[in-house]
Each structure stands twice: as C-alpha cells, then as structure tokens.
Amino acid sequence: MSALTSPLPTAPGPLPAAPGRPAALARDLRWLLRLHRPTLYVWAALVVVLAAALLWLAGPLTDASADAWRDYNACRDGGRCSYYQDAILRYKDVYSYTTVALTALPFLVAAWSGAALIGRELESGTAHLAWTQGVSPARWLAVKLAAPAVLVTAGTGLLVWLHHRAWSAAHGRVDTAKSWYDGLTLHANGPTTVGLALAGLGCGALAGLLWRRALPALATGLVATAAVRVLADRLMPHLWAADTVVTPLSRGPGGVGITVDEGIVTSTGAHVPLPHCPPEDAVHGCTATYAEADAVGFFHTYHPAAHYWPLQLTTTAVLLALVAVLTVIAFRLLGRSTGGAARGRRTAGAGQERQGRRTAAARRTGVAA
Amino acid sequence: MTSRPTPYALRATALGKRFGRRGAWALRDCSFRLPAGRVCAVVGPNGAGKSTLLALAAGLTTPSEGEVIVLGTDPASARARVGYVAQDKPLYPQLTVAETLRLGADLNPGHWDPSVAEAVVRAGELAPGSRIRSLSGGQRTRVALALALGKRPELLLLDEPMADLDPLARHELMGTLMAQAAQYGTTIVMSSHVVAELEDSCDHLLLVGGGRVRLAGEIDELTEAHARVSASAETADLTGHTVVESRTTGRQLTALIRPDGPLPAEWRTASPTLEELVLAYLRNPRAASLTPAEPADRAGTTTKAGTGNATADTGAAA
C-alpha cells in the first residue's frame, strides 16, 4: 500500500445529527428546485404571461369586443353603421391563443416530465448519484412527482379559473364567443385540464422510468398524454346521465349541448338513427325520407349547459384515478429495478452464510487432518 | 445506521444479470466473497461485466438470478453505507463544485465528512465556484470521488476511477484512497483494465471474464498458488497439475500452472507477476477458474497463511 500522501483529518469533528422527516423533505425539495431552477422560472413566466393575457381578455378586450358587436348589430337596424372591427378580431385572436396554450400545457408538462425530470437523470446517471448519496430511489421519485404536481396543479388551476372567468365575461355579449361545449373551450374552462396536466406528469414520468432515456421518454410521454386526452374526450359524455328531448318533425331536432345520440322517433315510439337523406330530397327538407322511415319526430340525447360541472368533475375524477394508477406503477417499477423491496431475501442470505462458514470449517479440518 | 461488523463486505452467490428477458447475460454464475477492509481490484477486459457487478453491489439494479449481500444485508438497505462512483462520473452539470459538495453534505446527514471531500477538491486546485459543466473529465472524476469519500462509506465501489486522471492525480488520489482504507478500514472495490496500476495498491483480486469470475482471492495467495515453469518439452509431464497456459518452443516447454504437489527439481519455476497471471487467464478462457467460495477467514488477522496447495484444494472442493 502506498503511503499517506493526502491531507486527511486525524480526528474528524462531531458530525451533524441526522435531521427528522420534515427537515429531510424540505432538504430534498430545496435541491429539486435548485436542480430544476430554469424550468421553475419558465413555468412561472408561462403562468404569469398567460394569466396576464387572460385578465386582459376578460376585461378590456371583452368590453371592446362587446361594444364593437353592439355597434355592428346596430347596422342591421339601419341606424348609424360603424363598428371597430379590430376589437372583434383582437378578442378572437387572444381568446384562441390562450385557449390553445391552455390545451397545450398538459403536453408541455408530459414532455418535460419524461425528458428532463426522469429520463435525462437516468440516462446521464445522475439519478444513480442521488441514490448513492443518501436519497432512496422511492424518496427521489416521491419528491420528483409531488413538487411538480403541486406546482402544476396551482398553475393550471389558476389559469383555467381565469379562462373560465374570461369566457363568462364574453358570454352573451360577444357574438363570436365560443359555446361552453366547444372542443377546446370545454376543457380549458375547467378542472379537466388540471387532471390532464397531472396525467401528463404521470405519463412522462412512467415513460422516463421505462425508457431510461430522455428523447424516447419525451415522445412516449407526449403520445400517451394525447391518447389520454382523446380517451377522456370520448368518455366524458358517458360519465353522467344525458337528457333526451323529443321534438315533432315540424320543429326539427331540439336541445343544444354535447350530443350523445340523435335520430328519429317512429310512429311506434322507437328511437332509430337518422336515415340517409339523398341530396334530391334534402332540398325538400328530407320529407320523403322521413315519411318512408315512418318518422313522427326527432330525439336528441345530449348534455345541456347544466351538466357542465357534473361532466367536468366526473371526468377530472377519472383522470385523477388514472394519475394514481400511473404513480403506483411508477413506484413499483422503480422498486423492482433497484431492489427496494428486497428485504425478504435477507434471512435466506444469512442462512447461506452460516452454512457456507460451516462447510468451509469442515473443509479446513479435513485438510488439516 | 450502524450494524454489527460483518466479516465480508461483499458476498455474491450464483449472481447473474441479463438485460431484457431474452438479452445476453452481462454476468453469470458469479460467486465470491470479499472480506471487509480489503482493497480489491476488479479486473477484466471491456464488457466483462465489471460495471454490472459494481452496479449490482451498489443496489442500482437488481440481479436476474442469485444474490449479492453487501455489508451483511441486501444492497438496497446497505446503500446509505456504500459509496459509488460510476464509470462516466455523473454529476449535475448545472451545479458548481461548492454546491456539489454542499449537496453531498445535505444528502448524507450524520455521516458526511467535509474535510475529506474538501481536501480532495483542494488538491486538484478546483475553484469552488466553477460549474461542473466546465470541468475536464479528470476534474469531474475528482469531484465524484470527493462526493463518494465525503460520505465516509464502509464500502467504496469505484468503476474505472483512474481512467481520466493524469499520472500525478492518479498517484495522489490513489494515496487518498489508501489512506481512507487504512484510517477507517474502508473496503475499496475498484475496477480497471490496467492491471499494473493496481498491483501496488490492491491486496485482493477479482478477475472477471466473459461474465464469469475467473480468479478470486488475495493477490499474494493467487500468485503463490501459481507457478511459471519451464522445462524440457520431452521429459516434462504436466499431468496432475492444473494448466492455465502452456507453450512449446522448440524443445522448451513454458507453462503457467497451478501445481498440485511438489514440482520436479529440474524444472525452473518462478512466481508469476499479477499481470502475467491475469493475462494468462484472459488468454485462455477455458482454463479452470480459481474462485474459492470461502477463502480462509483471516479478516481479523494479518498472518499470511495459506500455501498454494491449500488454496487450490479449497477451490477444487468448491
């Protein structure tokens, strides 16, 4: 062995005592925020900019647009005819941009969670560094999921509330304001976006753990989150009992909202799908087709505006259940790949050691004899 | 967390790891025991399974079969008492050197020794404020070693620790490691494919080749258990001895063998160097391995017992 060539403490001083649980949690959290400081800044900036845009939209932009629409509608009455078109267009633009941005947030979260939060750490080995520096893999993942979940919930929660506020401000005042059931508005207005963002976090994290590489995890997280959004969209109308309205043929189909099913009512009272109406009959209002199909009226199974909150809340609940499942799978996966649950084998190992020692002792005696 | 001292820092039983359900085995049927307090060299060609073995011991991945007991417990439970430096020396690139050391201090409450970590960094003349991203490979190695040493582990697992270092830094850091081992009884396991640099510092050898353990034991005993012999090709009979490698040039037979009993006086014999031994085993993948499942328990003593024959017998019995 070589000599002591490096300065070393001869008597190391007293070392700091191990902190309790809350202190350890605060410490892990502090380091997570330090390591992802740029992301934290970007997220904060994104939330602030979008919140400012939504406040602007809800106030001055909506007022200006509403005024312009009032002026425009006055044209029809043959009065003074001048309206401020820019106000209408600016409202439309800012509304679309903010709605699209809110729709994109869950995907942004998924991409970041898959690539930067988990995938890159496993790819570069810094995760292993953390695990061998006193942070158990389970705590590492717990902090990595919990802290972003809180920030994502707070950020998206604030933004969807502001979006709903802006949408409500224009409701009935701006003629081009989106209906409550418009594809993007429906989710941007409510907690389903928060649920989707958390599902994105979970999908990304799981993809990162599975791939252990940043780029494939990014792609997988995005695709999985897109699938979740499509499925949530498909599932949503079926999570609450829909209303059915029956109208006579003369009045046409009734009810406005999210359609679940629609068709015609025959003279026997049966609900059947809308029959195919050829173009030459369509110009006559499909009267021949309906007569042939024995239609006496229309039925429309749909969700009226009153179902908005039940639909939002049930869909959010389903999404949160999915988040829970993803989280459990992620912890199981990590535990299995790092041997977090290997305690059961300890006794077996000790037994083998004892047996091995006995065998060796017997062997030594044999050699000596 | 303290536990009663165990005689073995590492104990592997039929340890195997393969990546993917149908993937190739990176390590297979690997059994050895490493007494505590040793400085052990894990030697083998590239892709031999050295890194896999160290990652298994560090509890970063789980075995596909068999088990490894670390400091008397499973690797996951031992993680807090084990220091590990991976081959590519991963560190957070966005942190500074000082922040990295503060991270180590923060994440290892109760068993962090700032003086050791700082001494290692200071010896490399690293500015505390420089970002890890801006460091050279050798400087990164130094910071990674500082983190692992500052933790004051009972077992230090180092994967190719010296590969990026210049000769001076290599010598200096090897000295630091040896001092650590001497002062705190730290068991050090370091992998390398440069045998010569380990011969002076290590007292235990684990030769891994083709995913299996080929040689395991105290280096002194391993070299004593083998003999480099040269004799006349016509009269020499190697039967009865374990032949690792033999070559005939003209009428001269040279061989590296594990003698089983006394050798004829007319043979010229010499003890092989560690490098000769390692190379002979690596060149001859089919030579019988020498991996005593239970080397004589000398963890507490310093007497140099165990002749070549005794070691060979233990190997045969296992």
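Since the model is a prediction, treat every value here as computed from it, not as a measurement. (Residues numbered from 1 in each chain as written. Chains lettered and ligands numbered in written order. Predicted model: local features only at pLDDT ≥ 70, side-chain atom pairs only at ≥ 80, totals over all residues. Heavy atoms only, no water.)

Asker: Which residues make up the domain arrangement of chain B, and what values go with them?
Answerer: Residues and elements named next belong to chain B. Assigned domains within chain B: domain 1 (8-219) and domain 2 (225-289 + 302-317). When the area that domain 1 buries against domain 2 is broken down by residue, the three leading residues are Val-195, Arg-214 and Leu-215, summing to 54%. One can count zero salt bridges joining domain 1 with domain 2. Summed over the shared surface of domain 1 and domain 2, the result is four residue pairs in polar contact (both at pLDDT 80 or more). When contributions to the side of domain 1 that touches domain 2 are tallied by element, the ones reaching two or more residues are α7 (196-199), β8 (204-209) and β9 (212-218). Taken together, the residues that form the side of domain 1 that touches domain 2 break down as nine nonpolar, no polar and two charged. (Domains from an automatic or database assignment. Buried area = accessible area lost by both parts, 1.4 Å probe. Salt bridge = Lys/Arg side-chain N within 4 Å of Asp/Glu carboxyl O. Polar contact = N/O pair within 3.5 Å; in protein donor to acceptor, adjacent residues only side chain to side chain. Helix = DSSP H or I, 4+ residues; strand = E, 2+ residues; numbered from the N terminus. Nonpolar A, V, L, I, M, F, W, Y, C, P; charged D, E, K, R; others polar.)

Asker: Kindly report on a nonpolar patch on the surface, identifying the contributing residues and their values.
Answerer: Residues Leu-29, Leu-33 and Leu-151 of chain A make up a contiguous nonpolar surface patch of roughly 210 Å² in combined accessible area. Mapped onto the elements of the fold, Leu-151 of chain A is located in helix α5 (residues 137-170). (Patch = residues over 30% accessible without salt bridge, like charges linked within 9 Å, V, L, I, M, F, W, Y side chains within 5 Å. Areas by Shrake-Rupley, 256 points an atom, 1.4 Å probe, with all protein chains shown as cover.)

Asker: Explain the UniProt feature "domain: ABC transporter" (unreviewed entry) in chain B to me, using residue names and the numbers behind them.
Answerer: In the numbering used here, UniProt assigns the "domain: ABC transporter" (unreviewed entry) feature to residues 10-235 of chain B. Taken end to end, residues 10-235 of chain B is 34% helix and 29% strand, and its first and last C-alpha atoms sit 45 Å apart. (UniProt positions renumbered as here; feature names shortened; annotations may be inferred.)

Asker: Before we move on, can you summarise the confidence of the model for chain A with the specific residues and values?
Answerer: All names here are of chain A. Residues at a pLDDT of 70 or more form 85% of chain A, whose mean pLDDT is 85. Scored below 50 in pLDDT, residues 1-17 shows 39 contacts in the model against residues more than four places distant or in partner chains. Segment residues 341-369 is flagged for pLDDT under 50; beyond a separation of four residues in sequence, or across chains, it makes 26 contacts in the model. (pLDDT = per-residue confidence, 0-100. Contact = heavy atoms within 4.5 Å.)

Asker: Now, about the domain arrangement of chain A: what can you tell me, with residues and values included?
Answerer: Residues and elements named next belong to chain A. On domain assignment, one finds that chain A holds domain 1 (26-237 + 324-335) and domain 2 (243-306). The distance between the C-alpha centroids of domain 1 and domain 2 comes to 38 Å. Contacts between domain 1 and domain 2 engage four residues on the former and seven residues on the latter. Buried area between domain 1 and domain 2, both sides added, is near 500 Å², and the carbon and sulfur share of it is 76%. Summed over the three residues of domain 1 that lose the most area to domain 2, namely Trp-180, Tyr-181 and Pro-237, the buried surface amounts to 93% of that side. The interface formed by domain 1 and domain 2 contains zero salt bridges.

Asker: Tell me about the pairing of strand β1 (residues 8-18) of chain B, residues and numbers included.
Answerer: Residue and element names in this part refer to chain B. Most of β1 sits out of view: eight of its 11 residues are buried. With seven bridges connecting them, β1 and strand β2 (residues 25-35) associate as antiparallel partners. Its bridge partner lying in β2, Leu-15 is registered against Cys-30. Between β1 and β2, which pair antiparallel in sequence order, lie six residues; one of them, Gly-20, sits at a positive phi of approximately 85 degrees. The pairing of β1 with strand β4 (residues 65-70) spans five bridges and is classified as antiparallel. Counted as the bridge partner of Ala-12 is Val-68 from β4. (Buried < 20%, exposed > 50% of the residue type's maximum accessible area, 1.4 Å probe, protein only. Pairing = 2+ DSSP bridges.)

Asker: Tell me what's going on with the state of the cysteines, and back it up with residues and numbers.
Answerer: What makes a disulfide is a covalent bond joining the sulfur atoms belonging to two cysteines. In this structure the tally under the stated criterion is one disulfide over all chains. A sulfur-sulfur separation of 2.0 Å characterises the disulfide bridge that pairs Cys-277 of chain A with Cys-286 of chain A. Taking the sign of the S-S torsion, about -100 degrees here, the bridge from Cys-277 of chain A to Cys-286 of chain A comes out left-handed. Here the two residues Cys-277 of chain A and Cys-286 of chain A agree in accessibility, since each one is buried. With no disulfide of its own, Cys-30 of chain B lies 11 Å from the sulfur of Cys-40 of chain B, the closest cysteine sulfur. Its sulfur unpaired, Cys-202 of chain B is 7.2 Å from the next cysteine sulfur, which belongs to Cys-40 of chain B. Classification of Cys-202 of chain B as buried rests on a relative accessible area of 7%. (Disulfide = S-S within 2.5 Å.)

Asker: Hey, could you go over the packing of aromatic side chains for me, with residue numbers and the actual values?
Answerer: All names here are of chain A. For the structure shown, the criterion picks out seven aromatic pairs over all chains. Geometrically, the ring pair formed by Trp-69 and Tyr-72 is edge-to-face, given 5.4 Å between the ring centres and 80 degrees between the ring planes. Here Trp-69 pairs with Tyr-72, and both are found in helix α2 (residues 37-76), just three residues apart, close to one helical turn. For Trp-69, a relative accessible area of 12% puts it in the buried group. (Phe/Tyr/Trp six-rings, centres within 6.5 Å; stacked < 30°, edge-to-face > 60°.)

Asker: Describe the sheet that holds β2 of chain B, and please don't skip the residues or the numbers.
Answerer: Residues and elements named next belong to chain B. Taken in spatial order, the three strands of this open sheet run β2-β1-β4, and their pairing is antiparallel. This sheet does not close on itself; its edge strands, each paired only once, are β2 and β4. Put simply, the sheet's adjacent strands are angled 15 degrees from each other on average, direction ignored. Running over the sheet, helix α1 (residues 50-57) touches β1, β2 and β4 and is turned about 60 degrees from β2. (Axes fitted to C-alpha atoms, helices over the stretch in contact; angles between N-to-C directions.)

Asker: A description of the nonpolar core should follow, citing residues and the corresponding values.
Answerer: Across soluble globular proteins, nonpolar side chains have a tendency to be buried as a group. Counting residues in hydrophobic clusters, the biggest one holds 153 residues, and the most contacted among them are Trp-140 of chain A together with Leu-10, Phe-32, Leu-157, Leu-177 and Leu-205 of chain B. In contact with Leu-205 of chain B, other than residues within four places in its own chain, are Cys-40, Ala-41, Val-43, Leu-215, Ala-216, Gly-217, Ile-219, Leu-222, Leu-274 and Val-278 of chain B. Among the nonpolar cores identified, the runner-up in size contains nine residues, and Ala-227, Ala-236, Leu-238 and Ile-257 of chain B belong to it. (Core = buried A, V, L, I, M, F, W, Y, C linked by side-chain atoms within 4.5 Å.)

Asker: Break down the pattern of salt bridges for me, with residues and values.
Answerer: Taken as a whole and judged by the stated rule, the model has 15 salt bridges over all chains. Between Arg-173 of chain A and Asp-63 of chain A there is a salt bridge whose closest N-O contact spans 2.8 Å. On the criterion of sequence distance, the pair formed by Arg-173 of chain A in the loop between α5 and α6 (183-188) and Asp-63 of chain A in helix α2 is long-range, its members being 110 residues apart. On the basis of relative accessibility, which here comes to 36%, the residue Arg-173 of chain A falls in the partly exposed class. Take Asp-63 of chain A: its relative accessible area is 35%, and that puts it in the partly exposed class. Among the ionic pairs, Arg-81 of chain B bridges to Glu-154 of chain B, the shortest N-O distance being 3.0 Å. Pair noted here: Arg-81 of chain B is in the loop between α2 (75-78) and β5 (82-85) and Glu-154 of chain B is in the loop between α5 (137-150) and β6 (155-159), with a separation of 73 residues, a long-range link. Assessed through its relative accessible area of 7%, Arg-81 of chain B is described here as buried.

Asker: Explain helix α9 (residues 274-283) of chain B to me, using residue names and the numbers behind them.
Answerer: Along α9 of chain B, the residues that are buried comprise Leu-274, Leu-277, Val-278, Ala-280 and Tyr-281 of chain B. For α9 of chain B, the buried positions fall inside an angular range of 160 degrees around the axis, keeping them on one side. (Arc of directions from axis to C-beta.)

Asker: Residue-level account of the environment of Thr-187 of chain B, with values.
Answerer: Residue and element names in this part refer to chain B. Locating Thr-187 in the fold gives a position in strand β7 (residues 187-192). Residue Thr-187 is classed as buried on the basis of its relative accessible area, which comes to 1%. On a C-alpha basis, the gap between Thr-187 and Ala-9 in space is 6.8 Å, while along the polypeptide they are 178 residues apart. Sequence-distant contacts of Thr-187, defined by excluding residues within four places in its chain, comprise Ala-9, Leu-34, Pro-35, Ala-36, Gly-37, Arg-38, Glu-154, Leu-155 and Leu-156.

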